[in-house]
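Chain and residue survey
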Amino acid sequence: MGNTLGNAFKVTIWGESHGKAIGCVIDGLPAGISLEWEEINKEIKRRIPGVYSYVSHRKEMDSFEVLSGYFNNHTTGTPLTVIIKNEDADFSSYEKIKDSMRPGHADYTGFIKYKGFNDYRGGGHFSGRITAPLVFAGAIARQLLKKKGISISSHIQQIGAICDKKYNPLGEKQDVLDCLSKSSFPVLDAVVEESMKKEIEKKMQNKDSVGGIVECMLQGVPVGLGNPFFDSVESVLSHALFSIPAVKGVEFGDGFAMAQGYGSNKNDIMQIEDGKIKMRSNHNGGILGGITNGMPLIFRVAIKPTPSIGIPQSTVNIKTKENTMLIIEGRHDPCIVPRVVPVVESVASIVLLDIYKLSQFE
């Protein structure tokens, strides 16, 4: 099913952007685990729009209610079901344009796929709103991975043409990662933060939008996770990451820059250090042959500009079959990159825990 991710740790998401509620069902949680709800709530709040002038004015607090799978402060081993109510849904602006297919959105493909019966309000099931239950599930996976000594962190590596520095491919200190997790606009270089925010605000004032890149790093990943060919770590992670709305590209390690290098400067040389095998570099992003090699697992995702913009655009009326002009109203982010950061971490957590549970390391 297209709404289910994972095998041993399985997450099924449901709901629509402007429906009554959204949520997920999690299968594969062992019985007897006491979850840290404050940590889960903290991750969910990271996805909510901040106090900046350039974020969506839709205010969903994403308060969640667990309906099953948790009893007497422990998981029961049965499916854990959570519901998150939509409390600030305003779909009046969508009624005006329901027959006009919004450029860059899934309106047209969704209309054809579901024969016109799809919920068009705010993108329905295609909306980024549905990433909220993904973050809930990811927060749980993150807690289980932490017990294995695995940490996950992301930062805004690029907004438009403005770039933050990249992670140290050999790993970052914990205080750096802690600082990023507490920031609503996580960057490694504080100097570029203001420039990035100004770029977003400029696009908002021009009724336009801008995209960017999120870089994610997983440290403490053991050697030997992953199964070639079709269940390689890159294959499984990419499959899940591309399910995040607006993701249009994924690269691992040096990624496309590898095409401009040579074996002599892109191979990760091994050496013995304190009786253990380690790499001097990490051009391959912690993965060789689809299997983790013990180095930090590093990847980047490209996020397209928010398709909802205030500039008049040409489109078609699906009902009258005529060309028309469209001006999108409503509450939209001119840049969704900052809000995608915790979603990327959550998806990576879900996937890695699933791979871990299927491996000999369980």
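Residues numbered from 1 in each chain as written. Predicted model: local features only at pLDDT ≥ 70, side-chain atom pairs only at ≥ 80, totals over all residues. Heavy atoms only, no water.

What follows concerns the overall build of the chain. Assigned secondary structure in the chain consists of 9 helices and 18 strands. Over its C-alpha trace the chain gives a radius of gyration of 21 Å, about what one expects of a compact globule, namely 21 Å for 362 residues. C-alpha extents for the chain along the principal axes are approximately 70 × 50 × 40 Å. Across the 362 residues that make up the chain, the buried fraction comes to 49%. Summarising the internal contacts of the chain: among those between residues at least 6 apart in sequence, 73% fall at separations of at least 24. (Helix = DSSP H or I, 4+ residues; strand = E, 2+ residues; numbered from the N terminus. Rg over C-alpha atoms; globule rule 2.2 N^0.38 Å. Buried < 20%, exposed > 50% of the residue type's maximum accessible area, 1.4 Å probe, protein only. Contact = heavy atoms within 4.5 Å.)

Turning our attention to the layout of surface pockets. In this model, the second largest pocket occupies a volume close to 490 Å³. Contributing to the lining of the second largest pocket are 22 residues, with E39, K42, E43, R142 and K146 lying nearest its centre. For the lining of the second largest pocket, the elements supplying multiple residues, two or more each, are α1 (37-47), α4 (131-146), β8 (151-159) and α5 (174-182). When its residues are assigned to classes, the lining of the second largest pocket shows 5 nonpolar, 7 polar and 10 charged. (1 Å grid on protein atoms, 1.4 Å probe; cavity = no way out; pocket = protein on both sides within 12 Å on 5 of 7 lines; lining within 4 Å. Points joined across faces, edges and corners; volume = space filled by probe spheres on them. Nonpolar A, V, L, I, M, F, W, Y, C, P; charged D, E, K, R; others polar.)

The UniProt feature table records "binding site: NADP(+)" (unreviewed entry) at R47. If we ignore the near neighbours within four places in the chain, the residues touching R47 are D62, G128, R129, T131, A132, V135, R339, P342 and V343. Of note is the side chain of R47, whose polar atom sits 3.5 Å from the backbone oxygen of G128. (UniProt positions renumbered as here; feature names shortened; annotations may be inferred. Polar contact = N/O pair within 3.5 Å; in protein donor to acceptor, adjacent residues only side chain to side chain.)

Turning next to the pattern of salt bridges. Counted according to the given criterion, the structure contains 17 salt bridges. Between D119 and R121 there is a salt bridge, and its shortest N-O distance comes to 2.8 Å. Overall, R121 belongs to the buried group, its relative accessible area being 19%. K278 is the partner of E273 in a salt bridge, and the nearest nitrogen-oxygen pair spans 3.8 Å. Take E273: its relative accessible area is 33%, and that puts it in the partly exposed class. We classify K278 as partly exposed; its relative accessible area is 35%. The network of salt bridges with common partners includes E43, R46, R142 and E345. (Salt bridge = Lys/Arg side-chain N within 4 Å of Asp/Glu carboxyl O.)

Read across the sheet, 5 strands follow the order β9-β8-β10-β16-β11 without closing on themselves; strand pairing throughout is antiparallel. Only two strands of the sheet have a single neighbouring strand rather than two, namely β9 (162-163) and β11 (247-252). Pairing geometry for β8 and strand β10 (residues 212-219), over 8 bridges, is antiparallel. What sits directly across from I159, in β10, is G212. Strands β8, β10 and β16 (297-303) of the sheet are contacted by helix α9 (residues 337-358), whose axis makes an angle of about 145° with β8. (Pairing = 2+ DSSP bridges. Axes fitted to C-alpha atoms, helices over the stretch in contact; angles between N-to-C directions.)

Here we take up the packing of aromatic side chains. If you walk through the whole model with that rule in mind, you get 6 aromatic pairs. Relative to F126, the ring of Y114 lies with its centre 6.5 Å away and its plane at 50°, an arrangement referred to as tilted. In this pair, Y114 is assigned in the loop between α3 (107-113) and α4 and F126 in the loop between α3 and α4, connecting sequence segments 12 residues apart. Overall, the relative accessible area of 42% leaves Y114 in the partly exposed class. Of the residues examined, F126 reaches a relative accessible area of 39% and is grouped as partly exposed. With a centroid separation of 5.9 Å and an interplanar angle of 50°, the aromatic rings of F252 and F299 are classed as tilted. One end of the pair, F252, is in strand β11; the other, F299, is in strand β16, and 47 residues separate them in sequence. Residue classification places F252 among the buried positions, given a relative accessible area of 13%. Ring-pair connections join several aromatic residues into one group, and the members of that group are W37, F64, Y70 and F136. The ring of F185 has K197 sitting right over it, with the charged end atom 5.4 Å from the ring centre. (Phe/Tyr/Trp six-rings, centres within 6.5 Å; stacked < 30°, edge-to-face > 60°. Lys NZ or Arg CZ within 6 Å of the ring centre and 35° of its normal.)

A word on unusual backbone geometry. With an omega of 0°, the peptide bond running from P228 to F229 counts as cis. Along the chain, F229 turns up in the loop between β10 and α7 (233-241). The phi dihedral of N73 falls on the positive side, at around 65°, and the residue is not glycine. Among the residues examined, N73 registers a relative accessible area of 43% and is labelled partly exposed. Although it is not a glycine, K207 sits at a positive phi angle of roughly 60°. K207 gets classed as exposed once you look at its relative accessible area, which sits at 52%.

With that settled, consider the pairing of strand β12 (residues 270-273). On a regular strand, each side chain points to the face opposite its neighbour's, so the side chains alternate between the two faces of the sheet. For β12 and strand β13 (residues 276-279), the ladder comprises 4 bridges, and the chain directions are antiparallel. Considered in β13, the bridge of M270 is made with M279.

When the terminal C-alpha atoms of α9 are compared, their 32 Å separation across 22 residues agrees well with the 32 Å that a helix rising 1.5 Å per residue should span. Among the 22 residues that make up α9, 21 are buried, leaving the element largely enclosed by the rest of the structure. (Expected span 1.5 Å × (residues − 1).)

Another aspect to go through is the UniProt feature "binding site: FMN" (unreviewed entry) in the chain. As annotated in UniProt, the feature "binding site: FMN" (unreviewed entry) corresponds to H125, F126, S127, G289, K304, P305, T306, P307, S308 and R331 in the numbering used here. A stretch of 207 residues holds the annotated residues, and the largest C-alpha distance among them is 44.4 Å, long enough that they do not meet in one place. Its place among the elements puts H125 in the loop between α3 and α4. Among the residues examined, H125 registers a relative accessible area of 30% and is labelled partly exposed. Dropping the residues within four chain positions of it, H125 is found in contact with N3, I13, W14, G15, E16 and I130. Within the element layout of this structure, S308 appears in the loop between β16 and β17 (313-317). In contact with S308, not counting residues within four places along its chain, are R102, H105, I328 and H332.

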